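# Summary of structural features
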Amino acid sequence: MTAFVTAGAGFLLAVLWFDLMHDVQVRGHRGRELPEDVLASISAYYARVTTAARPMNRLIAAVMLATLVAVVVQITEGDAPAWVGWVSLALAGAAIGVAAVHTVSAAVRLGTRVDPPAVQSRLARSIFRDHLVSCTAVAGVLTVQLAFTT
């Protein structure tokens, strides 16, 4: 099961990396509103990957679910030390939970560009924070899985 967990986490880390390449544009702008060119770039990216990419965007949700299932199977079958599975489940669950509860809906909304610039800026900044947290958590899953499995 370790191979399935690490493959899923690796895929999710790659997706987060691509998202962060766009999100990082929010850095360095202290005003309430981000510059129009920054908002246009980030929102265009999220419009493509959340809405225009259907049905391929469903792959990410499927990999999230498969990764969680693989961790649960790893725990139940004793494929790795118990703490490795439980730490992986907590980290992956946190990252996936943030995406399910906030990040995806914020990215879809930002991609529509129907909100005023101040709201779009708040959404872009919150997506960036979510992705930083999720990237750290998923990298933690990979670290634990690769360093401490038998």
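Here, the structure is the one placed above.
A brief look at the structure comes next.

Take the packing of helix α1 (residues 2-23) against helix α2 (residues 36-52) next. At their nearest, the axes of α1 and α2 sit 9 Å apart, and the two run at 150 degrees to each other. As judged from the angle between their axes, α1 and α2 are roughly antiparallel. Taking contact as the criterion, the partners of Phe18, Asp19, His22 and Asp23 in α1 are, on α2, Ile42, Tyr45 and Tyr46. Looking at side-chain class alone, the contact of α1 with α2 contains 4 nonpolar, 1 polar and 2 charged residues.

A few words now on a nonpolar patch on the surface. On the surface, a cluster of nonpolar side chains totalling about 280 Å² of accessible area is made up of Phe11, Met56 and Leu59. Note on placement: methionine 56 falls in the loop between α2 and α3 (58-77). For methionine 56, a relative accessible area of 56% puts it in the exposed group.

To continue, consider the packing of aromatic side chains. Overall, the coordinates contain 2 aromatic pairs when judged by the stated rule. Ring geometry for tyrosine 45 against tyrosine 46: centres 4.9 Å apart, planes inclined by 75 degrees, an arrangement best described as edge-to-face. Across the pair, tyrosine 46 and tyrosine 45 agree in class, each one buried.

Under the counting rule described, the total for this entry stands at 2 salt bridges. Taking the shortest distance from any N to any O, the salt bridge between arginine 113 and glutamate 36 comes out at 2.9 Å. Remark: glutamate 36 occurs in helix α2 and arginine 113 occurs in the loop between α4 (82-112) and α5 (117-148); sequence separation between them is 77 residues. Of the residues examined, arginine 113 reaches a relative accessible area of 29% and is grouped as partly exposed. The partly exposed category is assigned to glutamate 36, whose relative accessible area is 47%. The salt bridge partner of arginine 109 is aspartate 115, with a shortest N-O separation of 2.7 Å. Its relative accessible area of 38% is what places arginine 109 among the partly exposed residues.

Procedures and definitions
- Residues numbered from 1 in each chain as written.
- Predicted model: local features only at pLDDT ≥ 70, side-chain atom pairs only at ≥ 80, totals over all residues.
- Heavy atoms only, no water.
- Axes fitted to C-alpha atoms, helices over the stretch in contact; angles between N-to-C directions.
- Helix = DSSP H or I, 4+ residues; strand = E, 2+ residues; numbered from the N terminus.
- Parallel < 35°, antiparallel > 145°, perpendicular 65-115°, else oblique.
- Contact = heavy atoms within 4.5 Å.
- Nonpolar A, V, L, I, M, F, W, Y, C, P; charged D, E, K, R; others polar.
- Patch = residues over 30% accessible without salt bridge, like charges linked within 9 Å, V, L, I, M, F, W, Y side chains within 5 Å.
- Areas by Shrake-Rupley, 256 points an atom, 1.4 Å probe, with all protein chains shown as cover.
- Salt bridge = Lys/Arg side-chain N within 4 Å of Asp/Glu carboxyl O.
- Buried < 20%, exposed > 50% of the residue type's maximum accessible area, 1.4 Å probe, protein only.
- Phe/Tyr/Trp six-rings, centres within 6.5 Å; stacked < 30°, edge-to-face > 60°.

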